[in-house]
Amino acid sequence: MSRVAERIISVGGGKGGVGKSLVSTNLAIAMAQEGRRVVLVDADLGASNLHTLLGLERPGPTLQSFLEHEVESLEEARVETNVPGLSLVRGASAVVGSANISHGQKQRLLRHLRDLTADVVVVDVGAGTGFNQVDLFDVGDLKLAVMTPQLTSIQNAYAFVKGTVYRRLGRLMKTHGLEGALAEKHDGPGHEMASLRAVLRDVFAASPALEAEVRRELSRFRLRLFGNQVYDPREAGVFRAVGKMMTDFLSVAAPLLGFARASRLMHDSATQRRPYLLLAKHEESALALRAAARALLQEPLEEESPSVGRGVPAPMTAETAAA
Ligand SMILES: Nc1ncnc2c1ncn2[C@@H]1O[C@H](COP(=O)(O)OP(=O)(O)O)[C@@H](O)[C@H]1O
Ligand SMILES: [Mg+2]
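Residues numbered from 1 in each chain as written. Chains lettered and ligands numbered in written order. Predicted model: local features only at pLDDT ≥ 70, side-chain atom pairs only at ≥ 80, totals over all residues.

Concerning the overall build of the protein chain
(1) Moving on: Within the protein chain, the secondary structure is distributed over 15 helices and eight strands.
(2) Moving on: Here the protein chain, with 323 residues, has 44% of them falling under the buried criterion.
(3) Moving on: By sequence separation, contacts in the protein chain at least 24 residues apart represent 76% of the contacts at least 6 residues apart. (Helix = DSSP H or I, 4+ residues; strand = E, 2+ residues; numbered from the N terminus. Buried ≥ 20, exposed ≤ 12 C-beta atoms within 10 Å, placed from the backbone. Contact = placed C-beta atoms within 7 Å.)

Rendered as structure tokens:
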């Protein structure tokens with residue numbers, strides 16, 4: 001089957017309750033309203049609820065049907081929503097044990113996400129920092145980390161992004177027979193806040209070619225941040241601060257796409273089973289979500305992304321690492 005999904009946007013962030021599901025659902029709606037064919041995938045394997053947020057209670061196929069081979073493609077598991085242009089692959093509805101998928105099931109899911117017929121696939125990767133969430137986050141051509149200004153959310157989002165960066169680079173190192181290079185150092189005492197450049201200093205000194213490959217890999221890591229549940233716009237500075245930490249310590253650009261305020265309507269939308277963007281047309285947070293959706297649609301995906309320049313990672317040469 002050919003690669004048909006033009007753009008996969010993964011939405012993660014580590015912590016539960018921060019708004020990943022609300023943000024991914026409303027971004028998907030905004031993109032459909034921009035005229036794109038969008039498939040939203042509820043990949044929160046343990047606690048799916050996007051069908052509720054979209055007000056879909058009819059029975060039908062779910063991600064579970066796909067994982068258990070009741071349907072042979074993810075394409076067959078999608079159902080239309082009430083929003084024109086938007087379809088949904090519903091999650092396995094909170095079945096105990098549904099969070100535990102095998103490696104083979106995960107690989108099949110990752111493959112089939114790309115095979116969906118759509119302009120855009122939005123994946124709600126769910127909470128947690130396990131390999132399932134990290135690998136689903138990494139599949140995104142654009143990766144959106146959602147967080148609130150609370151310290152716990154910021155910590156989890158940072159750890160989640162770090163886990164994804166290290167897993168991706170770990171794979172690259174492995175192809176060079178250097179699987180230990182990242183693993184040993186990254187978890188050891190005192191290394192929680194070591195920069196990637198410092199961790200890889202010796203490796204780069206020994207192999208400038210590998211350094212070039214690492215840099216290429218990191219430039220393809222298109223991470224964006226979105227803040228949620230903001231009470232006071234001054235709190236948004238914390239999102240830029242964590243973005244700077246990601247750039248300084250993980251060598252990935254992490255621009256802030258925007259933030260949504262804590263909003264009564266947003267809160268009520270979940271209970272009322274009516275998507276926020278259909279309830280609130282002109283609220284500031286609705287405008288912020290629409291602007292973020294447009295930015296995610298317009299971001300070029302070619303090699304040299306023009307967004308490099310805003311918060312560019314520092315060059316990873318051995319000299320700068322030693323500095
Ligand atoms: N901007 C917001 N304003 C008010 N309440 C919000 C906002 N974002 C999220 N919430 C509340 O948090 C709950 C959890 O959001 P959800 O999107 O399900 O989080 P996650 O998917 O990250 O676990 C929602 O049901 C809603 O009550
Ligand atoms: Mg959720």
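Points about the pairing of strand S8 (residues 256-261)
(1) Moving on: Sheet topology places strand S7 (residues 223-230) next to S8; four bridges connect them, and they run parallel. By the bridge assignment, Val230 is partnered in S8 with Arg261.
(2) Moving on: Crossover S7 to S8 through helix H11 (residues 237-250) is right-handed. (Pairing = 2+ DSSP bridges. Right-handed = clockwise from strand over helix to strand, strands pointing away.)

Some thoughts on the site of ligand 1
(1) Moving on: For ligand 1, the set of nearby residues contains 16 residues, the closest of which are Gly19, Lys20, Ser21, Leu22 and His267.
(2) Moving on: Elements supplying a minimum of two residues to the shell around ligand 1: helix H1 (20-33), S7 and helix H12 (264-272).
(3) Moving on: Classifying every residue of the shell around ligand 1 gives seven nonpolar, eight polar and one charged. (Near = placed C-beta within 6 Å. Nonpolar A, V, L, I, M, F, W, Y, C, P; charged D, E, K, R; others polar.)

Concerning the sheet that holds strand S5 (residues 120-124)
(1) Moving on: Taken in spatial order, the eight strands line up as S3-S4-S2-S5-S1-S6-S7-S8 in an open sheet, and their pairing is mixed. Unpaired on one side and paired on the other, strand S3 (78-80) and S8 mark the two borders of the sheet. Looking at each pair of strands side by side, their axes are set apart by 20° on average, direction ignored.
(2) Moving on: Relative to strand S4 (residues 86-89), S3 runs antiparallel, the two sharing three bridges. Across the sheet, the residue bridging to Glu80 is Ser87, located in S4.
(3) Moving on: Of the strands in this sheet, strand S1 (7-12), strand S2 (38-42), S4, S5, strand S6 (142-147) and S7 touch H1, which is tilted by about 170° from S5. (Axes fitted to C-alpha atoms, helices over the stretch in contact; angles between N-to-C directions.)

Some points on the packing of helix H6 (residues 151-175) against helix H10 (residues 208-219)
(1) Moving on: Where H6 meets H10, the axes come as close as 11 Å, and the angle between the chain directions of the two elements is 145°. Taken as a pair, H6 and H10 cross one another with a handedness that is right-handed. Residue-level contacts link Arg168, Leu169 and Leu172 of H6 to Glu213, Val214 and Glu217 of H10.
(2) Moving on: Here the residues of the contact of H6 with H10 are counted per class, giving three nonpolar, no polar and three charged. (Left-handed = near helix turned anticlockwise from the far one by under 90°.)

With respect to the nonpolar core
(1) Moving on: Leu27, Val38, Val121, Val122 and Val123 are the most contacted members of the largest nonpolar core, which has 88 residues in total.
(2) Moving on: When near neighbours in sequence (up to four residues on either side) are disregarded, Val123 contacts Ile8, Ser10, Val11, Val41, Ala43, Leu113, Leu136 and Gly140. (Core = buried A, V, L, I, M, F, W, Y, C linked by C-beta atoms within 7 Å.)

Structural notes on the packing of helix H5 (residues 131-138) against H6
(1) Moving on: Their axes nearest at 9 Å, the elements H5 and H6 cross at an angle of 80°. Put simply, H5 runs roughly perpendicular to H6. For the pair formed by H5 and H6, the contact residues are Val134, Phe137 and Asp138 on the first element and Gly163, Thr164, Arg167 and Arg168 on the second.
(2) Moving on: Grouping the constituent residues of the contact of H5 with H6 by class yields two nonpolar, two polar and three charged. (Parallel < 35°, antiparallel > 145°, perpendicular 65-115°, else oblique.)

Looking at the pairing of S2
(1) Moving on: Among the five residues of S2, five are classified as buried, and the element is accordingly described as predominantly covered.
(2) Moving on: Burial along S2 is two-sided: the residues Val38, Leu40 and Asp42 and Val39 and Val41 are all buried.
(3) Moving on: Note that S2 and S4 share four bridges and pair parallel. When the bridges of S4 are listed, Val41 appears paired with Val89.
(4) Moving on: Alignment of S2 against S5, held across five bridges, turns out to be parallel. Following the sheet pairing, Val41 is matched in S5 by Val123.

Here we look at the environment of Leu296
(1) Moving on: Its location among the elements puts Leu296 in helix H14 (residues 284-298).
(2) Moving on: Sequence separation of Leu296 and Met31 is 265 residues, and the distance between their C-alpha atoms is 9.0 Å.

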